[in-house]
Amino acid sequence: MTKGRSPLWTAVMVLVIVIIMLLGAFWVIRAVQHSGGDGAAVAVVNNQEISEDQWVAELKKRYGQEILTQMMNRKAVQLEAQTLHIEVSQQEIDDSLQEQISGYDSPAAFYKEMNSQFGLSQQDLQNEATYQIQLEKIATASINVTDAQIDSYLQQHEQQNSQQRQYELAWIKTDSEDQANEAVQRIENGEDFGDVAKQLSIDSFSASNGGELGWIDDDDPFQPAEMMKVVKTMNKGDIVGPIKLDDSGYAVVQMLDIRLPQTSKLEISRDTARRKIALERARPLTEVEQQLRKKYNAYILSANPQE
């Protein structure tokens, strides 16, 4: 995954990962249950076997309540989608996955991590996207969105994508201009930027890593505006400084790499745009799930589903 993202992007991805972890547990439990759960060994540690039954029991203990509730949600949402004649297009699924993929270096990197970290195949992820879209369409079924609103949303979306670049940066932050000039002089004399950053930078977060900030969006509000204004004029390999910062500090910046915008992979359909606009006025999705469970009389039979 890319580094240097904003806290909002990070929070969104944390939520996505939590959902994916539960989804992974769901598919594992279902697969094992379908295999018969006959107690066969699934792992060995120092000649001691771990059986399928033990594995499933531990999964139920950790995720039982959440997975059982999610399974009921899926049944209820599917029934409501059938009642409302809701369909999900492949384009909408692709839009949903591309939104997640945009936080990774490439689609291949995204699918590889989902498989290695959570055991999820591309089909599993498409199934999850389908469920989420069905739920969102149910939540927004009665909300009217005009063609003009969709046109405006798509135009704004295209403009945001076309303006978006990413920069892989390293910096040296100092208290004074003299210290920043010293850093520049040492680098010009042949010292490594990272070594100088470790010695002179007052930014403890990045100094130990040679001043590296990772990948930064060109509109990242958490980076100094004065620095980002200069960054947008730099080319790969450039080192610029001192740059005066609003907090009375100074910066010397190194451009490690630049990613140009790829608008084509972030295009979305009109159906997706309509749904996203309507979601701003919809009830919380967890509330919709709860109401659907009630509508379709879904409840847990066991008092303790972990057992």
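Located above this text is the structure these notes cover.
Before going into details, it helps to say that this report is about the structure given with it. Residues take numbers from 1 onward in each chain, read along the sequence in its written order. Selection of residues for local features in this predicted model requires a pLDDT of at least 70, selection of side-chain atom pairs for listing and counting requires 80 or more, and totals for whole chains, interfaces and linings are taken over all residues. Excluding hydrogens and water, the side-chain values take into account all heavy atoms of the structure.

Labels follow the DSSP assignment, with helices taken as runs of H or I lasting at least four residues and strands as runs of E lasting at least two, numbered in each case from the N terminus. Assigned secondary structure in the protein consists of twelve helices and six strands. Per-residue burial over the protein gives 39% buried out of 307 residues. Two residues qualify as a contact provided that any one of their heavy atoms is within 4.5 Å of a heavy atom in the partner residue. Restricting the contact set of the protein to residue pairs at least 6 apart, pairs at least 24 apart contribute 72%. Each accessible area is a Shrake-Rupley result for a 1.4 Å probe, and residues are judged covered by the shown protein chains and nothing else. Accessible area for the protein stands at about 17,700 Å²; split by element, carbon and sulfur atoms hold 48% of it. A 1.4 Å probe rolled over the protein chains alone gives each residue an accessible area, and that area as a share of the maximum for its type sets the label: buried under 20%, exposed over 50%, partly exposed in between.

To continue, consider the pattern of salt bridges. Only one rule defines a salt bridge in this text: a Lys or Arg side-chain nitrogen within 4 Å of an Asp or Glu carboxyl oxygen. Applying the stated criterion across every chain yields a total of ten salt bridges. The salt bridge involving Glu182 is made with Arg186; its shortest N-O contact spans 3.6 Å. Of this pair, Glu182 and Arg186 are both found in helix α7 (residues 177-188), four residues apart, which corresponds to roughly one turn of the helix. The exposure class assigned to Arg186 is buried, which follows from its relative accessible area of 16%.

Here we come to the sheet that holds strand β4 (residues 212-217). Note on pairing: two strands pair once DSSP finds at least 2 bridges between them. Spatial strand order, β4-β3-β6-β5: four strands in an open sheet with antiparallel pairing. The outermost strands of the open sheet, each flanked by one partner alone, are β4 and β5 (239-244). The sheet shows a mean angle of 35 degrees between the axes of neighbouring strands, direction not considered. Where strand β3 (residues 166-174) and strand β6 (residues 250-259) come together, nine bridges link them in antiparallel fashion. Paired with Leu169 across the two strands is Met255, which belongs to β6. The sheet strands contacting α7 are β3, β5 and β6, and the helix crosses β5 at an angle near 175 degrees. To get an axis, fit a line to the C-alpha atoms, keeping to the stretch in contact for a helix; angles then go from 0 to 180 degrees between the N-to-C directions. Against the sheet, helix α8 (residues 193-200) engages β3, β5 and β6, with an angle of about 45 degrees to β3.

Another point: unusual backbone geometry. Put simply, Gly241 and Pro242 share a cis peptide bond, and its omega is 0 degrees. Residue His85 is not a glycine yet carries a positive backbone phi of 55 degrees. Tracing the sequence through the fold places His85 in the loop between α2 (52-83) and α3 (90-101). Residue His85 is classed as exposed on the basis of its relative accessible area of 70%. Notably, Asn297 is not glycine yet its phi reads approximately 55 degrees, a positive angle. Along the chain, Asn297 falls in the segment after α12 (285-295). According to the relative accessible area criterion, Asn297 is exposed, its value standing at 57%.

Each α-helix turn comprises 3.6 residues. Residues three or four places apart therefore point the same way. For a helix, the expected span equals 1.5 Å multiplied by the residue count minus one. With 18 residues, helix α5 (residues 122-139) ought to run about 26 Å at 1.5 Å a step, and its terminal C-alpha atoms sit 26 Å apart, in line with that. Here α5 lies mainly inside the structure; 13 of its 18 residues are buried.

Turning to the packing of α5 against α12, a few remarks are in order. Closest axis-to-axis distance for the α5/α12 pair is 10 Å, and the angle between their directions is 85 degrees. It follows from the interaxial angle that α5 and α12 lie roughly perpendicular. Residue-level inspection shows Tyr131, Gln132, Leu135, Glu136, Ile138 and Ala139 of α5 in contact with α12, the latter providing Leu285, Val288, Glu289 and Leu292. Under the grouping applied here, Gly and all other residues not named as nonpolar or charged are polar, the nonpolar ones being Ala, Val, Leu, Ile, Met, Phe, Trp, Tyr, Cys and Pro and the charged ones Asp, Glu, Lys and Arg. Taken together, the residues of the contact of α5 with α12 break down into seven nonpolar, one polar and two charged. Angular relationships are summarised with four words: roughly parallel below 35 degrees, roughly antiparallel beyond 145, roughly perpendicular across 65 to 115, and oblique for the angles in between.

Below, the discussion takes up the packing of aromatic side chains. Put simply, two rings from Phe, Tyr or Trp (the six-membered ring, in Trp's case) pair if the centres are within 6.5 Å, and we call them stacked under 30 degrees between planes, edge-to-face over 60, tilted for the rest. With the rule as written, the count across this model stands at one aromatic pair. Geometrically, the ring pair formed by Phe110 and Tyr111 is edge-to-face, given 5.2 Å between the ring centres and 65 degrees between the ring planes. Side by side, Phe110 and Tyr111 carry an identical accessibility label, which is buried. A ring has a charge above it when a Lys NZ or an Arg CZ is no more than 6 Å from the ring centre and no more than 35 degrees off the ring normal. We note Arg259 situated over the ring of Trp215; from NZ or CZ to the ring centre the distance is 3.7 Å.

Before going further, it helps to spend a moment on the packing of α7 against α8. One way to put it is that α7 packs onto α8 with a least axis distance of 9 Å and a crossing angle of 155 degrees. Classified by the angle between their axes, α7 and α8 sit roughly antiparallel to one another. In the packing of α7 onto α8, the handedness of the crossing is right-handed. Seen from α7, the contacting residues are Gln179, Glu182, Ala183, Arg186 and Ile187; seen from α8, they are Phe193, Val196, Gln199 and Leu200. Residue composition of the contact of α7 with α8, grouped by class: five nonpolar, two polar and two charged. Take the far helix as your reference; a near helix turned counterclockwise from it by less than a right angle gives a left-handed crossing, and one turned clockwise gives a right-handed crossing.

Definition used in this section: a nonpolar core is a set of buried Ala, Val, Leu, Ile, Met, Phe, Trp, Tyr and Cys residues joined via side-chain atoms within 4.5 Å. Val77, Leu135, Ile138, Val145, Ile150, Val288 and Leu292 are the most contacted members of the largest nonpolar core, which totals 18 residues. Of the residues forming this core, the biggest block, four residues, is contributed by α5. In this structure, Ile138 is in contact with Val77, Glu80, Ala81, Leu84, Ile86, Val288 and Leu292, ignoring residues within four places of it in sequence. Tyr167, Val231, Ile243 and Leu245 belong to the second largest nonpolar core, which has 14 residues in total.

Over its twelve residues, α3 extends 16 Å from the first C-alpha to the last, a length consistent with the 16 Å expected when each residue adds 1.5 Å. Glu92, Ile93, Asp95, Ser96, Leu97, Gln100 and Ile101 are the residues of α3 that are buried.

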